[in-house]
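Coordinate inspection notes
Now for the letters of each chain:
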Amino acid sequence: MTKPSSPPTVLVIGLGGTIAMTPTTAEGAAKPTLSAEDLLAAVPQLAATGIVIKTQSFTAKPGASLTLDEIEDLAGQLRAMDSQGTFDGFVVTQGTDTLEEASFLLSLLYGGKTPVIVTGAMRAPYLAGADGPANLLASVTVAASPQTRGLGVLVVFNDQVFDAARVRKIHSTSTNAFASPDTGPLGVVAEGRLRLLAVPAHNPLILPSAPTRPARVGLYAASLGDDGSLLAPLLQQVDGMVVAGFGVGHVPATWVPVLQEAAQRIPVVFASRTGGGTTLTHAYGFDGSEKDLLDRGLIGAGHLDPYKARLLLTVLLRSGAGRSAVVAAFAPAGTTPEGRG
């Protein structure tokens, strides 16, 4: 007789955020107060899944107050638990303000086989139509699915599954707040199970050492009429810079001298501020075009949006990566033509 397999075990880790908020003032202003156990208590449907669920309350902060060090610490704990093989999946609940960034940072630092699902909520638990319980139920379902093993860090929201490297928060209040403009969702949760339609294109990040060094990376967006006078002093205060350029990676011509000088000292990456699409390499040739910037030593971010490009550059610099390693890390996003950089 075949021995029945044991049910999957999923660890739910709470970081705070709207999904864990309750009103703490007479006016109803909310703060994160609920533990991971509290969140599970609001989803009685989890019992019917047969999934064994454990909990851990990591911190209780709004998403805007999470730090790089906290996400790096969480990634280290996830790596350790992955090596022990105790869990079949992890679910991380956090604030949506920084969910697109925290999930990508986790994907850079984690590297384990056990799937990590990041989720949250747009409406707090005490509001009508609160979406936290549904997002948590879908996330546990995806985390427990054998189909997600080895896929790294995924984001689950509104019954859709997204690649952490491609997901964007596209609305400030809607429960349908997340999307992947370039690729769309990888799959959906329907009738209580995952229906996976695609998998992420993984390009493992190889770091020269653990990311423990201090590094400040700035982010500066191009805007109409900005002559670059505010950009110049900022470039003197950082170890790396990401410029969110117009269109496919363009900046005003007045910026070119200061960016060229900075690129001789620190890595300077240019991304597109549009929210979708990629930087190009040689479609335009005017001063401040993508070709001009590459010729002057800047590095294209390709399909990475400015926020994710900043995190990738930060992790690289914190690990002691030199220019060649930075160029190589950005290359899989389709950024730097062969032979440049």
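Residues numbered from 1 in each chain as written. Predicted model: local features only at pLDDT ≥ 70, side-chain atom pairs only at ≥ 80, totals over all residues. Heavy atoms only, no water.

1. Considerations on the overall build of the protein
Helix and strand counts for the protein come out as nine helices and 16 strands. On C-alpha atoms alone, the protein measures out to a radius of gyration of 21 Å, which is about the 20 Å that the 2.2 N^0.38 rule sets for 341 residues. Judged by the C-alpha coordinates and their principal axes, the protein covers about 70 × 55 × 35 Å. For the protein, the proportion of its 341 residues judged to be buried stands at 50%. In the protein, the proportion of contacts linking residues at least 24 apart, taken out of those at least 6 apart, comes to 71%. Working note: accessible area of the protein is about 14,900 Å², and carbon and sulfur atoms make up 54% of it. Within the protein, the 27 negative side-chain charges are centred at a point lying 4 Å from the centre of the 24 positive side-chain charges. (Helix = DSSP H or I, 4+ residues; strand = E, 2+ residues; numbered from the N terminus. Rg over C-alpha atoms; globule rule 2.2 N^0.38 Å. Buried < 20%, exposed > 50% of the residue type's maximum accessible area, 1.4 Å probe, protein only. Contact = heavy atoms within 4.5 Å. Areas by Shrake-Rupley, 256 points an atom, 1.4 Å probe, with all protein chains shown as cover. Lys, Arg positive; Asp, Glu negative; His and termini not counted. Charge placed at Lys NZ, Arg CZ, Asp CG, Glu CD.)

2. Points about a nonpolar patch on the surface
There is a patch of nonpolar side chains on the surface, built from Leu280, Tyr284 and Phe286 and spanning about 260 Å² of accessible area. Relative to the assigned elements, Leu280 resides in the loop between strand S15 (268-272) and helix H7 (290-295). Classification of Leu280 by relative accessible area gives partly exposed; the value is 31%. (Patch = residues over 30% accessible without salt bridge, like charges linked within 9 Å, V, L, I, M, F, W, Y side chains within 5 Å. Salt bridge = Lys/Arg side-chain N within 4 Å of Asp/Glu carboxyl O.)

3. Comments concerning the packing of aromatic side chains
Per the stated rule, a full pass over the model turns up four aromatic pairs. Ring geometry for Phe157 against Phe178: centres 4.7 Å apart, planes inclined by 45°, an arrangement best described as tilted. Within this pair, whereas Phe157 is found in strand S7 (residues 153-157), its partner Phe178 is found in strand S10 (residues 178-179), the two being separated by 21 residues in sequence. Each member of the pair Phe157 and Phe178 is classed as buried. Ring centres of Tyr220 and Trp255 lie 5.5 Å apart, and the angle between their planes is 65°; on these two criteria the pair is classed as edge-to-face. Highlighted residues: Tyr220 in strand S13 (residues 217-221) and Trp255 in the loop between strand S14 (240-245) and helix H6 (256-263), separated in sequence by 35 residues. (Phe/Tyr/Trp six-rings, centres within 6.5 Å; stacked < 30°, edge-to-face > 60°.)

4. Thoughts on the sheet that holds S7
Across the sheet, which stays open at both edges, the eight strands sit in the order S4-S1-S5-S6-S7-S8-S11-S12 with mixed pairing between neighbours. Each of the sheet's edge strands pairs with one partner strand only, and the pair in question is strand S4 (52-61) and strand S12 (193-196). Across the sheet, the axes of successive neighbouring strands diverge by a mean angle of 25°, strand direction being ignored. Pairing analysis gives seven bridges linking strand S1 (residues 9-16) to S4, with the strands arranged parallel. Counted as the bridge partner of Val12 is Thr55 from S4. (Pairing = 2+ DSSP bridges. Axes fitted to C-alpha atoms, helices over the stretch in contact; angles between N-to-C directions.)

5. Examining the environment of Thr9
With respect to the helices and strands, Thr9 occurs in strand S1. For Thr9, the residues in contact, after removing those within four places along its chain, are Val52, Lys54, Thr86, Phe87, Asp88 and Gly89.

6. Description of helix H8 (residues 306-318)
Three- or four-residue spacings in an α-helix give side chains the same orientation, since the helix completes a turn every 3.6 residues. Compared with an ideal rise of 1.5 Å per residue, which puts 13 residues at 18 Å, H8 spans 18 Å between its outermost C-alpha atoms and is within 8% of the ideal. H8 sits mainly inside the fold: eleven of its 13 residues count as buried. When H8 is considered as a whole, its buried residues turn out to be Pro306, Lys308, Ala309, Leu311, Leu312, Leu313, Thr314, Val315, Leu316, Leu317 and Arg318. The distance from a side-chain oxygen at the start of H8 to the backbone nitrogen of Tyr307 is 2.9 Å, and the residue carrying that oxygen is Asp305. The positive-phi residue at the C-terminal boundary of H8 is Gly320, with phi of around 85°. (Expected span 1.5 Å × (residues − 1). Polar contact = N/O pair within 3.5 Å; in protein donor to acceptor, adjacent residues only side chain to side chain.)

7. Observations regarding the pairing of strand S11 (residues 187-190)
The side-chain alternation of S11 yields one buried face, formed by Gly187 and Val189, and one unburied face, formed by Val188 and Ala190. Across two bridges, strand S8 (residues 160-163) lies against S11 in antiparallel orientation. The partner of Val161 across the bridge, within S11, is Gly187. With four bridges joining them, S11 and S12 adopt antiparallel strand pairing. Counted as the bridge partner of Gly187 is Leu196 from S12. The antiparallel pairing of S11 with S12 creates a hairpin that spans two residues between the two strands, and Glu191 there sits at a positive phi of about 55°.

8. Re the nonpolar core
Core analysis: the biggest nonpolar cluster contains 53 residues, and Leu78 and Phe330 have the highest contact counts within it. When near neighbours in sequence (up to four residues on either side) are disregarded, Leu78 contacts Ile13, Phe90, Leu106, Tyr110 and Val116. In this structure, Ala20, Ile51, Ala144 and Leu154 belong to the second largest nonpolar core, which totals 25 residues. (Core = buried A, V, L, I, M, F, W, Y, C linked by side-chain atoms within 4.5 Å.)

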